[in-house]
Amino acid sequence: MLKKTVVSLFCIGLSAQASFGQLRVEPVFSIWDVNLGQSVSELSDNEVGEIACGNAGGPPGKALKSFVDFEICPPEQSGLREVAFVYDDEQDYIAKALELEYRSLQGGTSVFAHPVTVSLLVDDAGVVQGRRIYTDNRISDYERRTAFTLIRNFKARYSDWALSCDDIPMKEGEQPVGNQFFHELCTGTSPDGSTQIAIEASYLRKKGQLGIDRQTQQVNTGYFESQTRYEELLAPYDPVIEP
């Protein structure tokens, strides 16, 4: 029975590999399967879930029938248009059906087991000039607390890019979460000089996000920022992430 299950997973286009004694189910198509410089006409609409205009990690904009409908999305200041998509959720249903023995990396769209929003940055000719990955804030506080740690995975992935990382000082009104404050911005260029990345991560309380309600003296749940933002662009475009 187990062999038949594994074979069926492969037959529907899912790749599986052993991980810590469990089966790890990978998405059919992910953000890493897109090559920068590739035409959106080469991307398969059938291998992803919903496609929509992107909103820099925020709620998706107008729904698109296909990647080739990118021109519907408004251009950013750079002239590029953001096209967001979600991973095909078929593997999630399979993982749930087998949850006693198996698990997926993370339900829905994820990178390194972190729930994220993913999008492509497309020029007027329909060429993918960049990709954008932001941790998804529409999750539980428990999951969101670790969102800032995604930057560690990106640092490892781009270890040969000679990343330059700086700690961002605490701004007026900001506070640590408990005794922890983290705010870092990393930039780097690919070894061949064709691509630039910017990665920013933060774990802090912003101005006005008090840990304790002054009137009730109860803990304010969710009053913190924990996120990682990643942007990669082909030259001459520059990733713009404001810390």
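Read on for a plain summary of the structure. For clarity, every value in this text was computed on a predicted model and none was experimentally measured. Per chain, residue numbering runs from 1 following the sequence as it is written. Since the coordinates come from a predicted model, pLDDT governs what is reported: local features require at least 70, and pairs of side-chain atoms require 80 or more to be given and counted, while whole-chain, interface and lining totals use all residues. Hydrogens and water are ignored here; the side-chain numbers use all heavy atoms of the structure.

Remarks on the overall build of the chain
A count of helical and extended segments in the chain gives four helices and 13 strands. Any residue under 20% of the maximum accessible area for its type is buried, any over 50% is exposed, and the rest in between are partly exposed; the area is computed with a 1.4 Å probe on protein chains only. Expressed as a percentage of its 243 residues, the buried residues of the chain come to 44%. To be clear on the numbers: accessible area is Shrake-Rupley with a 1.4 Å probe, and residue cover counts the displayed protein chains and nothing else. As displayed, the chain has an accessible area near 13,200 Å², and 50% of this comes from carbon and sulfur atoms. Only DSSP runs of H or I covering at least 4 residues are called helices, and only runs of E covering at least 2 are called strands; the numbering of each starts at the N terminus.

A word on the environment of S66
Within the secondary structure, S66 is located in the loop between β4 (63–64) and β5 (81–87). For the pair S66 and I51, spaced 15 residues apart in sequence, the C-alpha to C-alpha distance is 6.8 Å. Only heavy atoms matter for contacts: two residues are in contact if any of them lie within 4.5 Å across the pair. Those residues within four positions of S66 in sequence are excluded, and the remaining contacts are D45 and I51. Polar contacts, as counted here, are pairs of nitrogen or oxygen atoms within 3.5 Å of one another; within protein the pair requires one atom able to donate a hydrogen and one able to accept it, and residues that are adjacent in sequence qualify only if both atoms are side-chain atoms. A polar contact is formed between the side chain of S66 and the side chain of D45, at a distance of 2.7 Å.

Some points on the state of the cysteines
The criterion for a disulfide is a pair of cysteine sulfur atoms lying within 2.5 Å. This model, assessed by the stated rule, comprises two disulfides. Put simply, C53 and C73 are joined by a disulfide, and their sulfur atoms are 2.2 Å apart. Measuring handedness by torsion sign, the sulfur bridge of C53 and C73 sits at about -90 degrees and is left-handed. Residue C53 is found in strand β3 (residues 48–53), and its partner C73 is found in the loop between β4 and β5; the two are separated by 20 residues along the sequence. The same class applies to C53 and to C73, which are both buried. The disulfide partner of C165 is C186, and the S-S distance across this bridge is 2.1 Å. Judged by the sign of its S-S torsion, about 115 degrees, the cystine formed by C165 and C186 is right-handed. You can see C165 sitting in strand β10 (residues 164–167) and its partner C186 sitting in strand β11 (residues 182–189), a full 21 residues away along the chain.

A few points about the packing of aromatic side chains
A pair of aromatic rings is counted whenever rings of Phe, Tyr or Trp (Trp by its six-membered ring) have centres within 6.5 Å, and the orientation is called stacked for planes under 30 degrees apart, edge-to-face for over 60 and tilted otherwise. Inspection of the entire model under this criterion finds twelve aromatic pairs. With a centroid separation of 6.1 Å and an interplanar angle of 50 degrees, the aromatic rings of F29 and F85 are classed as tilted. With a gap of 56 residues between them, F29 in the loop between β2 (22–25) and β3 and F85 in strand β5 connect regions that are remote in the sequence. Each member of the pair F29 and F85 is classed as buried. Considering the side-chain rings of F154 and Y230, the 4.6 Å spacing of their centres and the 25 degrees angle between planes classify their relative orientation as stacked. With F154 in helix α4 (residues 150–157) and Y230 in strand β13 (residues 225–234), this residue pair connects regions lying 76 residues apart in the sequence. With relative accessibility at 0%, the residue F154 sits in the buried group. Here Y230 falls in the buried class, since its relative accessible area comes to 0%.

Looking at the pairing of β3
Strands were regarded as paired on the criterion that DSSP finds at least two bridges between them. Two strands pair when backbone bridges link them, and β3 and β5 are joined in this way by four bridges, in the antiparallel orientation. When the sheet's bridge partners are listed, C53 is paired in β5 with V83. Where β3 meets β4, two bridges bridge the pair, whose relative direction is antiparallel. Bridge pairing in β4 links A52 to A63.

Some details on the pattern of salt bridges
What makes a salt bridge here is a side-chain nitrogen of Lys or Arg within 4 Å of a carboxyl oxygen of Asp or Glu, nothing more. Taken as a whole and judged by the stated rule, the model has ten salt bridges. Ionic pairing is found between K206 and E225, a salt bridge with its closest N-O pair at 3.6 Å. Here K206 is found in the loop between β12 (195–204) and β13, whereas its partner E225 is found in strand β13, with 19 residues between them in sequence. The buried category is assigned to E225, whose relative accessible area is 15%. The network of salt bridges with common partners includes E76, E82, R132 and E231.

Some words on the side chain of S226
Looking at where S226 falls in the secondary structure, it is placed in strand β13. Among the polar contacts listed, one links the side chain of S226 to the backbone oxygen of R144, at a separation of 2.7 Å. Within polar-contact distance, the side chain of S226 engages the backbone oxygen of R145 at 3.2 Å. In contact with S226, other than residues within four places in its own chain, are T135, N137, R144, R145, T146, A147, F148, S202 and Y203.

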